[in-house]
Amino acid sequence: MMSDNIIHFSKKEQIIISPIIKDLKNSFAYEFWIKPSANHKIKKESVNGIAGIHGQKYIIYPGHGQIETQAGTGISIGRNGISVFEHTVNHLPATLVYPTSIKNWTHIAVVYRDKVPFLYINGIFIKKGRRSRKEILYASGIIGGSEYGHFSGELRELRVWSYARTESEILENIYTKLEGNEKGLYNQGQNIINLTNKMGGNKPVINKYPAFIKENMDLLVRRGILNLHQSIELTGSYKKDSSNSQSNNIKLQDNRYLTDVLLFFGCYRRDYEYLLFPVANRLAEKGLSVNLIIYNKFSPNVSLISKNVNVLDYNSLNREYGVTNKAKKYYTNHLAGHIRQFGGEIGLNASRKKTLENFYRAYAYDYLFMTSLLDNLRPKCIYGIHFILNPGCIKAIKATSLPVLCTLIQHGMISVDNTDDHDFKGADLVFLWGDYFKRILNAKLGAPNAVVLGNPKVEQIRKDLNIGEVSQIMRKESGKFTILYILTGSLKQDYNRENLALFLGCISKFHSFKVMYKLHPNSSLDECNIYLRKGLMKKSQIFKDMNIYDLINQADIIIGDFSTSVFEAAAMNKPVIQIFQSNYPENFVKLSYVRTKDELTAIIQKIRYDEKYFNDFMRNQQKMINDMFIDSNGSSERIASHIYKSLGY
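Since the model is a prediction, treat every value here as computed from it, not as a measurement. (Residues numbered from 1 in each chain as written. Predicted model: local features only at pLDDT ≥ 70, side-chain atom pairs only at ≥ 80, totals over all residues. Heavy atoms only, no water.)

S.K.: Break down a nonpolar patch on the surface for me, citing the residues and quoting the values.
M.R.: Nonpolar side chains collect at one region of the surface, where Ile124, Ile126 and Leu171 lie side by side and expose about 220 Å² of accessible area between them. Within the element layout of this structure, leucine 171 appears in helix 1 (residues 167-172). According to the relative accessible area criterion, leucine 171 is partly exposed, its value standing at 38%. (Patch = residues over 30% accessible without salt bridge, like charges linked within 9 Å, V, L, I, M, F, W, Y side chains within 5 Å. Areas by Shrake-Rupley, 256 points an atom, 1.4 Å probe, with all protein chains shown as cover. Salt bridge = Lys/Arg side-chain N within 4 Å of Asp/Glu carboxyl O. Helix = DSSP H or I, 4+ residues; strand = E, 2+ residues; numbered from the N terminus. Buried < 20%, exposed > 50% of the residue type's maximum accessible area, 1.4 Å probe, protein only.)

S.K.: Could you give me a rundown of helix 9 (residues 435-442), with the residues and numbers involved?
M.R.: Along helix 9, the residues that are buried comprise Tyr436, Phe437, Ile440 and Leu441. Axial view of helix 9: buried residues confined to an arc of 130 degrees, hence all on one face. Packed against the buried residues of helix 9 are strand 20 (429-432), strand 21 (450-452) and helix 16 (611-628). (Arc of directions from axis to C-beta. Contact = heavy atoms within 4.5 Å.)

S.K.: Which residues make up unusual backbone geometry, and what values do they have?
M.R.: Among all residues except glycine, the phi angle is most often negative; among peptide bonds, the trans geometry is most common. Despite not being glycine, glutamine 66 shows a phi value in the positive range, around 75 degrees. In this fold, glutamine 66 is placed in the loop between strand 4 (58-61) and strand 5 (70-78). Not every positive phi belongs to a glycine, and glutamate 157 is a case in point at roughly 45 degrees. Note on placement: glutamate 157 falls in strand 14 (residues 153-161). Overall, glutamate 157 belongs to the buried group, its relative accessible area being 7%.

S.K.: Run through the sheet that holds strand 22 (residues 482-486), naming residues and quoting values.
M.R.: Spatially, 24-23-22-25-26-27 is the arrangement adopted by the 6 strands of the open sheet, whose pairing is parallel. Strands with a single pairing partner mark the edges of an open sheet, and in this sheet they are strand 24 (542-543) and strand 27 (593-594). When strand 23 (residues 514-518) meets strand 24, the two strands line up parallel, connected through 2 bridges. Pairing of lysine 518 across the sheet is with phenylalanine 543, part of strand 24. (Pairing = 2+ DSSP bridges.)

S.K.: Give me the lowdown on the environment of arginine 361, citing residues and values where you can.
M.R.: Mapped onto the elements of the fold, arginine 361 is located in helix 7 (residues 350-377). In this structure arginine 361 comes out as partly exposed when scored by relative accessible area, which is 39%. Sequence spacing of arginine 361 and alanine 336 is 25 residues, and the spatial spacing of their C-alpha atoms is 8.9 Å.

S.K.: Help me get a handle on the sheet that holds strand 8 (residues 106-113), residues and values and all.
M.R.: An order of 1-14-3-8-9-10 is seen for the 6 strands of this open sheet, with the pairing classed as antiparallel. Two strands bound the open sheet, and with one partner strand each, they are strand 1 (6-9) and strand 10 (124-128). Strand after strand, the sheet turns through a mean of 30 degrees between neighbouring axes, direction not considered. Relative to strand 14, strand 1 is paired through 4 bridges, and the arrangement is antiparallel. Note on strand 14: the bridge partner recorded for phenylalanine 9 is glycine 153. (Axes fitted to C-alpha atoms, helices over the stretch in contact; angles between N-to-C directions.)

S.K.: Now, about the packing of helix 15 (residues 597-609) against helix 16: what can you tell me, with residues and values included?
M.R.: Two elements in contact, helix 15 and helix 16, have axes whose closest approach is 6 Å; the angle formed by their N-to-C orientations is 105 degrees. Judged on the interaxial angle alone, helix 16 and helix 15 are roughly perpendicular. Contacts between helix 15 and helix 16 involve Ile603, Lys606, Ile607 and Tyr609 on the former and, on the latter, Glu611, Tyr613, Phe614 and Phe617. Here the residues of the contact of helix 15 with helix 16 sort into 6 nonpolar, no polar and 2 charged. (Parallel < 35°, antiparallel > 145°, perpendicular 65-115°, else oblique. Nonpolar A, V, L, I, M, F, W, Y, C, P; charged D, E, K, R; others polar.)

Structure below.
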């Protein structure tokens, strides 16, 4: 009968044998006894999309295939059923879904035969899933789950086989304890049958390493350098992100401070200037001493900055402080040895070791740059975008002898995953655009303090484009009706191609309409060549570098999926239609949406020609967008006033 070796999963326990097992591909089998204690989210069966990023209880987490043509496989199980997933670049669909009640110990076998999953329950064949479209499917060796969902319950006798098992073979030894040397039983140098002993002391223990490694485990995971931070044994405060440990007791009236506020991007993009520049002006109007670091002195937005704001050029400061040479020496003398030892002991391959080294070279530069900046300016407060790309800045802010209040502004959509990951690492206070985002952030473990004050970028854009509060009237005058399609990412990604195909299938019916396509910064014009050759697009319709808000202002309807710009367009009083085919998180479906080209055609026609429908559409859209963006008018002033009061004025 079954072994007494039971593995209990109650929180985020995890065993990692290998993210993907490259010895096992296309045909292999998982077998185990399971007793789940919680439900998982039942998703629609498909060979496309990313349905598996939330709500799952992965007993086998599907390892990432690394390239689009390869995927890892995994299994999510709850008291309400079984789902089989595959995972690679922008791809995490459920290729087999079987709702059923599982309350007591149950034997499960998932057998892959030439990339097709087959489900057996208690040795009996139940269901055939969908054949993968990927060239190679690998078995996965992450037991217990990951950031996209952890299993809750108990596991016994996990067996992985190197071939596709038959029903009779499963039934033959379903109740038999194996020796471990059976033909086809996969071991990889470890007895995969008896995993219980791996739960205790075999995880890599890194508490012996310096803080600069321990404090950045979450970012190493996000960069793909480490597989999962839960597989690292950490203690104390290093498990969760913490903001400035002194922030609750900051005495900002110390006479050693030289300035009030330093505005520092951290993550720079030209449209982010609208999140900082107007706030800098409002702070200066209140009589505060304000320093603003700019990255592009030729940006047209520089003309917005008040003369009362002290503007400093990032590149000029780098030369003045001599940071580049200092950072090289600092990396060599203080970081390199520990990094080499850590990379070796954690088992990183050559490529990931190189990425780890580059991460900490940038870390050294950011740490020394921010340290010099703080030493020279001595600000009471920092206001910026985020520092997850500049973790050395976080170290410098926390290490300064004069405590600094670190405030960050929301710059885009916040991940809805059921994890503690967010972009506000190191923040004492976060300014959010709307209540919707506060609910998402509050649900994350270790979330920083946050207050909803609005979006300065939308406020400035509306001001620049002279957009009023009343919904714009449909254009019925002569001239073409204009539709703008916004891409969220690269056309190499499945969901972008699928959503664009739906749009193209619809828009071909509207020959009298003008159509514009705004490419994502991560996309390229070359990716559109196939559509140009087929006559589905024209070069004159495609825009990559043009200001997206000018394009939005020109358009009569905006169509896209979950790009931040789509929601900003709605906040700019433009009618917006989202395309949703269950290929991105449904939490981001906040506006009117369609699933088919016929639905899209119908809505476009109604918006264009039915005035009553249009007015009702805009009223309903405004109700939904108010949850994401509180009144944008006055956002910059509200943020500046909050900082002003926080500094004790």
